[in-house]
Structure formats: structure tokens, C-alpha cells
Amino acid sequence: MDAIFEGLTDAQTKAVRHVDGPMLILAGPGSGKTRVVTHRIANMLAHGIPAWQIAALTFTNKAADEMRTRVDTLAPNQPVWMGTFHRFCAQHLRRLAPMVGLSENYSIYDTSDSKQAMKRAIEAAGVSTTHASPDQIAATISHAKNRLTSPEMMEGQALRPREAIAARVYPVYQQQLLTANAVDFDDLLLHIARLLRENPEVRAELDARHKYILVDEYQDTNLAQYAIVRALSIDCPNLAVTGDPDQSIYGWRGADLNNILDFEKDYPSVTTVRLEKNYRSTPNILRVADQLIRHNTQRKQKDLFTDNPEGDAVVLRFYDDGYQEADEIASEIAAAIMGQSMRPSDFAVFYRMNAMTRSLEHALRSHSLPYQIVNGLEFYQRREIKDLLAYLHLINNPSHDVALTRVINVPTRGIGAKTISRLRAFADSEGIPMLAAARRANEIDGLAKRSASMVAKFVRLYDHLQIKATAPLEDLLRYLVEETAYEAYLEKTAVEQQDTSPMANVDELITAAVEFDRQHPEDGSLDAFLEQVALVADTDAFENENDRITLMTLHAAKGLEFPRVFIIGVEDDMLPHSRSKSSQLEVEEERRLLFVGITRAKEQLQLSCCKRRAMRGDVRPVIPSPFLNELPLTEMSRVESSPKQDWFDDEMDQSYPDSWDLPDENDSQVRETIGQSSGVDEDSEYNQEVERDQMPGAKSAAASNVGSGSRLQSGLQTAAELMARKSTPLSVYREGTQVRHVEYGEGTIVDVSGRGPKRIARVKFEEEEHSFRLAFAAEDLEVVD
DNA sequence: CGTCGCGATGTTTTT
DNA sequence: CATCGCGACG
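Report on the accompanying structure. This is a predicted model, so every value here is computed, not measured.

Parameters at a glance
Residues numbered from 1 in each chain as written. Chains lettered and ligands numbered in written order. Predicted model: local features only at pLDDT ≥ 70, side-chain atom pairs only at ≥ 80, totals over all residues. Heavy atoms only, no water. Helix = DSSP H or I, 4+ residues; strand = E, 2+ residues; numbered from the N terminus. Buried < 20%, exposed > 50% of the residue type's maximum accessible area, 1.4 Å probe, protein only. Contact = heavy atoms within 4.5 Å. Areas by Shrake-Rupley, 256 points an atom, 1.4 Å probe, with all protein chains shown as cover. Pairing = 2+ DSSP bridges. Axes fitted to C-alpha atoms, helices over the stretch in contact; angles between N-to-C directions. Phe/Tyr/Trp six-rings, centres within 6.5 Å; stacked < 30°, edge-to-face > 60°. Parallel < 35°, antiparallel > 145°, perpendicular 65-115°, else oblique. Left-handed = near helix turned anticlockwise from the far one by under 90°. Nonpolar A, V, L, I, M, F, W, Y, C, P; charged D, E, K, R; others polar. Expected span 1.5 Å × (residues − 1). Polar contact = N/O pair within 3.5 Å; in protein donor to acceptor, adjacent residues only side chain to side chain. Core = buried A, V, L, I, M, F, W, Y, C linked by side-chain atoms within 4.5 Å. Salt bridge = Lys/Arg side-chain N within 4 Å of Asp/Glu carboxyl O.

### So, the overall build of chain A
Within chain A, the secondary structure is distributed over 33 helices and 24 strands. Within chain A, the fraction of its 785 residues that count as buried is 57%. If you take every contact in chain A between residues at least 6 apart in sequence, the share linking residues at least 24 apart comes to 76%. As presented, chain A carries roughly 33,300 Å² of accessible surface, and 49% of it is formed by carbon and sulfur atoms.

Structure below.
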């Protein structure tokens with residue numbers, strides 16, 4: 001009990017002590033919100049509330065994991081439900097599926113699946129895409145779903161041209177999803193919200209089941225989520241929400257700021273707690289944040305204050321272009337690691353668009369700095385992974401038409417586009433799934449005999465695979481790879497990608513499956529595995545365990561903190577993004593986005609802006625972000641782009657070793673190290689704590705994300721080590737150089753081509769020749785003196 | 001039916 | 001600039 005209340009402020013204590021009835025916690029950035037929430041849960045448990053009556057809803061798995069870990073240290077092994085809204089709905093829908101016309105083995109379409117489905121629906125609806133692209137139609141429908149608007153309702157009201165078009169597709173799309181026994185992300189919420197509204201027994205049951213509900217980041221809830229939470233808090237109005245209107249950045253996804261602004265009206269008996277004291281940032285940083293956010297009208301006035309020491313002035317820096325920006329930030333980080341014994345994980349770089357990582361990656365590599373990109377072209381998007389997952393989806397749900405379309409001719413088995421479209425047409429006309437149509441291939445007019453027999457052959461393969469449907473995942477996957485001769489197919493079609501070998505990814509997936517089997521010994525169903533996979537977000541791959549510099553979008557940064565933060569591209573059309581300037585409301589959201597970024601920083605913060613920036617090919621001049629004028633510029637440290645040596649302060653300058661300077665000859669001095677498979681030595685305790693809901697593959701996926709596919713050893717601890725690592729510059733690999741490879745023995749470099757990270761050496765060994773991408777393989781390729 | 005190459009096209013944020 | 005989609009060829 002003591003541990004629960006120890007060291008809390010009055011406001012925090014009030015929140016933690018609260019048990020019954022509605023509560024609103026307005027928590028400014030860095031105000032110890034997670035602490036309050038987790039201690040509050042512990043306090044409830046200590047008061048004898050059964051853990052299973054408590055549900056904590058978050059927006060990301062990452063947030064849920066964090067919460068679980070921290071609750072676990074206070075109250076170990078309590079089955080408090082913690083997870084995302086989507087997972088919450090997915091699990092209830094599993095059971096309630098028949099009530100909405102689905103079976104409990106329904107599939108969750110990811111974004112690209114829905115996109116496919118959407119195209120098909122557009123075609124079936126006979127809608128022209130000249131006035132609205134499939135993406136726009138999808139976005140419009142998604143928006144409608146988030147507002148709990150059904151196809152019928154939409155027909156009645158739709159007025160704007162784009163909505164009118166979407167309204168014609170919507171019912172068709174929805175019907176096709178039903179036929180495919182599938183839902184998209186929005187449906188997870190929509191189905192549950194509607195069930196709760198239309199079915200009093202279900203509502204009452206779930207309300208009683210989840211007596212205590214906590215919602216994190218409440219400012220990001222959309223109408224569907226609002227309705228769900230509301231419906232679950234009627235008989236048992238023990239709803240505690242936390243949030244900060246100033247950190248609402250998901251309006252584009254349907255989040256409604258009024259949910260939090262009006263919470264006190266919705267629940268008149270509410271207890272409101274304001275957490276305004278900031279434990280994270282320096283006063284300098286807070287003042288900048290505060291000045292900025294004051295320019296918003298849609299907010300609740302909040303006074304942020306802190307006892308932290310003043311710290312350094314916030315830097316506003318101008319660079320000539322994106323390359324200089326990236327390069328100097330990398331240099332600065334390198335110098336800080338060297339001279340001030342900072343660690344790579346102390347740094348983060350935020351940006352508005354994912355596209356901005358390119359130059360950063362290059363610069364960080366040039367400086368041998370380890371980094372991780374949160375997002376990237378993730379593991380689950382890779383072709384080979386999508387193929388295998390599609391097979392699994394189809395095995396789990398024979399109606400999964402998107403999956404069928406993907407795999408019916410993978411590996412190629414003579415079923416072409418024409419056959420597929422005939423199948424689809426037949427399926428549409430009969431209102432049946434495509435696999436069912438495939439079983440009746442001989443009934444389809446105009447289908448060539450040969451095609452029909454190919455299709456029949458596929459059906460036989462499918463039935464064959466089906467035998468293993470309930471086997472352990474590992475067996476199923478191996479069997480699948482074997483029976484489809486997938487490896488041979490990969491080898492045949494592999495486009496010598498220099499990054500990672502596709503087969504290694506397949507192994508990675510199998511590893512994930514093994515892990516899942518291990519963690520779900522009894523209920524390890526295919527269902528659960530696929531659900532897990534569908535609901536992992538890119539941001540969940542973020543691991544602060546690794547000592548790496550973090551690169552992420554401003555959106556992904558929410559909820560995190562770093563000692564030193566760089567926000568790049570604070571430029572007009574970039575930070576208020578060009579597509580978010582049409583309305584005042586959107587601009588305010590962009591301002592909040594910058595606010596979120598600023599308030600992630602604990603000690604040092606730099607905002608930067610380029611004079612010109614290369615975008616889609618050509619360089620164009622840049623106008624600084626109008627937000628910059630809203631900052632307390634006089635107390636900030638403004639640095640114009642200038643010759644390199646001037647911008648370090650003295651202290652740093654001395655510690656900046658010559659040898660750290662930029663590579664002498666061209667920029668080939670790119671080094672990376674290939675680690676042993678990461679995850680092996682992961683802290684096992686941590687794993688156990690989070691293992692219940694954590695996607696086992698996520699960790700490995702994160703690893704393969706790093707450095708564009710190569711895996712960085714994470715144990716990069718000290719600056720000394722960093723220095724040691726760059727002792728073999730790539731320039732020693734020249735034509736004629738004698739090398740020794742761990743596997744192939746001694747050989748001679750016969751050719752070197754490409755530059756930078758793409759530099760490739762062709763090496764002649766005794767019997768064979770191999771090419772190595774030096775940036776990745778140098779570790780294995782030892783120079784013989 | 002499959003593959004290759006060209007041209008066009010469109011670029012935010014994510015469960 | 002990079003990916004995607006489509007068209008023409010083998």
C-alpha cells in the first residue's frame with residue numbers, strides 16, 4: 001500500500017485514490033500520467049476489485065505493454081485486461097460474430113487487404129474512379145464508419161459529390177466483406193458499437209463484465225470508440241479517462257476532440273484531476289511548448305510548470321538543405337556520444353513524413369551510428385511474408401477472397417489474371433466466396449478446360465493443406481512451405497535484393513510461429529496468431545531496450561520521451577503539412593503535432609528548418625514554418641547555417657576527435673555490423689511479462705527493420721567501442737586485396753563497384769565467386785595482410 | 001500465360 | 001524519386 005502512494009503529489013494521489021464513478025484526468029505532457037494510471041490500477045486491486053473486472057484501453061500495443069509491465073511490478077500476475085481498442089473489439093467479436101453475420105473465424109483485413117477489396121467493390125458497383133480514387137473512396141467510407149454511419153444512413157444523407165460516390169460503393173464493399181467472412185479495422189469498432197447499441201442483453205452483460213474501464217489518450221477517441229466506452233459505463237459508470245486535448249493528433253482518423261472537451265457534461269458526477277506539473281522537461285523546453293500551444297483556440301487552458309533545472313536554450317537551427325541537416329545532426333550526435341558520454345538511445349529525430357528518413361539514414365551510417373527506424377517497410381509487408389500469411393489466412397478462413405487472389409497463382413501454377421477474374425465474376429454472381437467458386441470451376445462459362453483443371457489442382461492443394469490446419473503453427477508453416485515448393489519459387493523469382501534474403505524472412509516468420517506456439521500451448525489457434533499479426537502496428541516494433549538512435553514520425557513519438565530531441569523539417573507545407581492547411585482546425589492539429597514533438601524532449605531540443613529541400617526529384621526553396629514565429633524566439637538560440645566549425649560550443653569542440661571527421665575519400669566509409677540474431681539474449685523477465693499479448697514476431701521484425709534490412713548489433717555501448725568499430729574503413733577493400741571469408745576461405749577481390757552503402761566487391765575464391773555488399777558483409781570479410 | 005519495360009502518377013499522419 | 005499499373009512482347 002505504501003508503495004502505491006509513495007512520492008505522489010496531491011493531484012496524483014487524488015487520482016490514484018479514486019475508485020468508483022467517472023473520472024477525468026487531464027494530464028499534461030510528462031506529468032506522470034502512466035504512473036498515475038498504473039498506481040491507480042494497483043490501488044483498485046488492493047481494494048479487492050477483481051482484476052478481470054478492470055479493462056484498460058489504449059491506442060497502441062506499445063502503450064498497453066508499457067502499462068502491463070508497470071502494473072506487474074506493483075501487482076504481479078493480475079489478469080487485468082490491457083490492450084488496444086481494436087484488440088478489445090476483436091476479442092469480443094470473436095465470440096459475438098454470429099450476431100453480425102460473421103463466423104468466429106472471421107479475418108481481419110489489413111490496410112492493403114481492404115484496398116484490394118475496395119477496388120473489387122468499386123468495380124462491382126460499377127462506379128467510375130475518374131472523380132474519386134479508390135483511396136479517396138476508402139477514406140470516405142472509413143470516415144463514415146468511424147462516425148457510425150451505416151450504408152443505409154449514408155444513402156439518406158450523402159450530399160457532397162465524393163460522399164455520394166462512396167455511398168454507392170459502401171454497401172457493396174460491406175456485403176463483400178461479409179461474404180468473405182472478414183472485417184476491416186474500422187469494422188472491429190463499428191460492429192461492436194452497433195451490437196452494444198442494438199442489443200441490450202449484450203450491452204448489459206459486457207457492462208457488468210467490465211465494471212471498471214480506463215481509457216488512455218481519450219482525446220484520440222472517435223465516435224465509435226466513444227459509443228463503445230459509453231455503452232459499457234451505464235450500469236457501472238466507473239469510467240476513468242486520461243488525456244490531453246493539446247495532444248490530440250488523430251483528427252484525420254476521426255478522433256473527436258469534443259469527446260474529452262465535453263466529458264464533464266457527459267458525466268456530470270465526474271471527478272476531474274489536472275496533472276500540470278511536468279517531470280520531464282526543462283523550463284526552457286516547456287516555455288517553448290507553452291507559447292506555441294497558446295495559439296490554439298480548441299483547448300482547455302493548462303499551466304505547465306516544472307521544478308527541473310533551467311537547462312539549455314532550445315535551438316532553432318537553419319540549414320542549407322536536407323543533406324546538411326542530416327549530416328550535421330549526425331555529427332552532433334556522434335560528438336555528444338564521444339565527448340559527453342551520451343548513449344545513442346538518448347537521441348531521437350522526429351519528422352512529419354516518413355519520406356524524410358533517407359538522408360538521415362545515410363548520414364547516420366556514415367557516422368557509424370546505430371539507429372532504428374520506427375515504421376519503415378515492415379516485416380509483414382514483405383512479399384514472401386504476405387504470401388505465406390495469405391495461405392494461413394485462407395486455411396483459417398476459406399472465404400478470404402483477398403488471400404485467395406494472392407496465392408492462387410503463387411507459386412505460379414498457370415492460373416492467370418483472366419481465370420481469376422472469371423472466378424471472381426462467378427463468385428459475385430452467385431454471392432459465394434471465390435474458393436467455393438473455384439470448386440465449381442467446371443460450371444463457369446468460358447473457362448478453358450486447361451484453366452479449370454489448374455484451378456481444380458489448386459483446390460486439391462488447398463484441401464491438402466487444410467489437413468494441417470489445427471497442427472502447431474510451426475508444423476503448419478513448414479508443411480506449407482514444403483507442399484507449395486515455396487522455396488524453389490523464391491529462388492527462381494528472387495530479384496537479387498541486396499538487403500535481406502527472402503528465405504531468411506521466411507525463417508523469421510517460422511521463428512515467430514514457434515514462439516507463438518510456445519506461448520500459447522493450449523489455445524494456440526491459427527485464429528489467434530493471425531489476429532495478433534493483423535493488429536500489430538509499426539510503432540510497436542519500437543524497442544527502447546536497444547541502444548540506438550530513434551527515428552520516427554511525430555505521430556509515432558507520442559507517449560515517449562528522450563533526453564535529446566531533434567525535430568527536422570519545421571517548414572511551411574511540411575509541418576503545417578500542405579494538405580492540412582485548408583481549415584483552421586487542421587492547422588491547430590498540426591500545431592499540436594509540433595507540441596507533442598517538443599514535449600518529448602527532456603534536456604535538449606533542436607528545431608530545424610532548411611533553406612531548400614529536395615522533394616520528389618527537384619530541389620525547391622523552402623519557407624520556414626509559420627509556427628516558428630509563434631515561439632519565444634528571443635530566449636531561444638538561433639543558429640544560421642554556417643561553416644561547420646562554428647556551431648559547436650567550446651566544450652564540445654575540444655572533445656571532437658579528428659579521427660571522427662568525415663571519411664576522407666568519397667563517402668564510402670559506411671560501416672555496419674551484423675549482429676547475431678537479436679532477441680536471443682533479450683531480457684527473459686521482460687519477455688515473460690509481456691508475452692501474453694505481445695506478437696512474438698514483432699521483436700524479430702523490429703530487428704530486421706534496422707538499417708534498411710541489415711541487423712545491427714545492439715550492444716553498442718561506449719564511444720570507445722564506436723571508435724573501434726570504424727577501424728577498418730571500407731576503402732581497404734580494393735581490387736586485388738586479399739581477403740578471408742568466414743565461410744569461403746581466402747580469396748581475391750576482382751572487382752569493386754557502387755559507392756556508399758551500395759558498394760559491392762566481387763571476390764574470387766578457390767572455386768567460386770561471390771559478391772558482397774561491403775557495408776553489411778565487411779565483418780565477415782577479413783583483410784589478409 | 002508470364003515477363004519485362006515503359007510510362008505515368010502521386011506523394012501525411014495509423015489501428 | 002519510387003512505386004505502381006498497364007501495355008506489349010515472347
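### Considerations on the sheet that holds strand β3 (residues 81-84)
Here we have six strands laid out as an open sheet, ordered β3-β2-β6-β7-β1-β8, and parallel in their pairing. Strand pairing shows two members of the sheet lacking a second neighbour, β3 and β8 (271-275), which therefore form its edges. Between one strand and the next, the sheet's axes are offset by a mean angle of 15°, whatever the strand orientation. Note: strand β1 (residues 23-27) against strand β7 (residues 238-243), four bridges, orientation parallel. Each residue of the ladder has a partner; that of Ile 25, found in β7, is Thr 242. Across the sheet, helix α2 (residues 10-17) lies against β1 and β8, angled at about 140° from β8, the strand it touches most. Packed on one face of the sheet, helix α5 (residues 85-96) meets β2 (54-58), β3 and β6 (212-215) and runs near 110° to β3.

### A word on the packing of aromatic side chains
One pass over the structure, following the stated rule, counts eight aromatic pairs. Judged by centre distance (5.5 Å) and plane angle (55°), the rings of Phe 59 and Phe 85 are tilted. Here the residue Phe 59 occupies a position in the loop between β2 and α4 (61-74), and Phe 85 occupies one in helix α5, the gap between them amounting to 26 residues. Of the two residues examined, Phe 59 and Phe 85, each falls in the buried class. An aromatic cluster is defined as three or more aromatic residues linked by ring pairs; in this entry it consists of Tyr 218, Phe 263 and Tyr 267.

### Examining the packing of helix α25 (residues 502-519) against helix α26 (residues 526-534)
As a packed pair, α25 and α26 sit with axes 11 Å apart at the nearest point and diverge in direction by 120°. Comparing their axes, α26 and α25 come out oblique. With respect to the hand of their crossing, α25 and α26 are arranged in right-handed fashion. Contact residues: Leu 509, Ala 512, Ala 513 and Phe 516 in α25; Ala 528, Phe 529 and Gln 532 in α26. A class-by-class count of the residues in the contact of α25 with α26 yields six nonpolar, one polar and no charged.

### Concerning the sheet that holds strand β13 (residues 371-373)
Taken in spatial order, the seven strands make up an open sheet running β13-β14-β12-β15-β16-β11-β19, and their pairing is parallel. Only two strands of the sheet have a single partner each, and these edge strands are β13 and β19 (637-639). Between one strand axis and the next, the sheet turns through 20° on average, direction left out of account. Note: strand β12 (residues 347-351) against strand β14 (residues 549-553), four bridges, orientation parallel.

### What to know about helix α16 (residues 322-339)
The end-to-end C-alpha separation of α16 is 25 Å, in line with the 26 Å expected for 18 residues at 1.5 Å each. Counting buried residues along α16, 15 of its 18 residues qualify, which places the element largely inside the surrounding structure. For α16, the N-terminal capping position is held by Asp 321, with its side-chain oxygen 3.0 Å away from the main-chain nitrogen of Tyr 323. After α16 finishes, the residue Ser 341 shows a positive phi value of roughly 45°.

### Overview of the nonpolar core
Membership of the largest hydrophobic core comes to 68 residues, with the highest contact counts inside it found for Tyr 106, Ile 137, Val 169, Leu 188 and Val 215. One finds Val 410, Ala 441, Val 455 and Leu 480 within the second-largest nonpolar core, a separate group that totals 56 residues.

### Looking at the environment of Arg 120
Along the polypeptide, Arg 120 turns up in helix α6 (residues 111-124). The class of Arg 120 is buried, set by a relative accessible area of 12%. Sequence separation between Arg 120 and Val 169 is 49 residues, and the spatial gap between their C-alpha atoms is 9.8 Å. Those residues in contact with Arg 120 that sit more than four places away from it in its chain are Gln 176, Asp 401, Arg 424, Ala 427, Asp 428 and Met 434. Among the polar contacts listed, one links the side chain of Arg 120 to the side chain of Asp 401, at a separation of 2.9 Å.

### Regarding the pairing of β12
Counting buried residues in β12 gives five out of five residues, a clear majority hidden from the surface. The two faces of β12 match: Phe 347, Val 349 and Tyr 351 on one face and Ala 348 and Phe 350 on the other face are all buried. Relative to strand β15 (residues 562-567), β12 is paired through four bridges, and the arrangement is parallel. Pairing of Phe 347 across the sheet is with Arg 564, part of β15.

### Here's the deal with the packing of helix α10 (residues 185-198) against helix α12 (residues 223-231)
In a pair of packed helices, the angle between the axes and the distance between the axes together describe the arrangement. Contact geometry for α10 and α12: axes closest at 9 Å, N-to-C directions at 40°. For the element pair α10 / α12, the angle class is oblique. Note that α10 runs across α12; the crossing there is left-handed. Residues Leu 189, Ile 192, Ala 193 and Leu 196 of α10 form the contact with α12, whose participating residues are Ala 224, Gln 225, Ile 228 and Ala 231.

### Here we look at the pattern of salt bridges
Applying the stated criterion across every chain, the model contains 48 salt bridges. For Lys 33, the salt bridge goes to Asp 216, with nearest N and O atoms at 3.2 Å. With Lys 33 in helix α3 (residues 33-46) and Asp 216 in the loop between β6 and α12, this residue pair connects regions lying 183 residues apart in the sequence. With relative accessibility at 18%, the residue Lys 33 sits in the buried group. In this structure Asp 216 comes out as buried when scored by relative accessible area, which is 10%. The residue Asp 262 makes a salt bridge to Lys 265 at a minimum N-O spacing of 3.3 Å. Using a relative accessible area of 65% as the deciding quantity, one classes Lys 265 as exposed. Within the structure, one salt-bridge network assembled from shared partners comprises Lys 33, Asp 216, Glu 217, Asp 220 and Lys 558.

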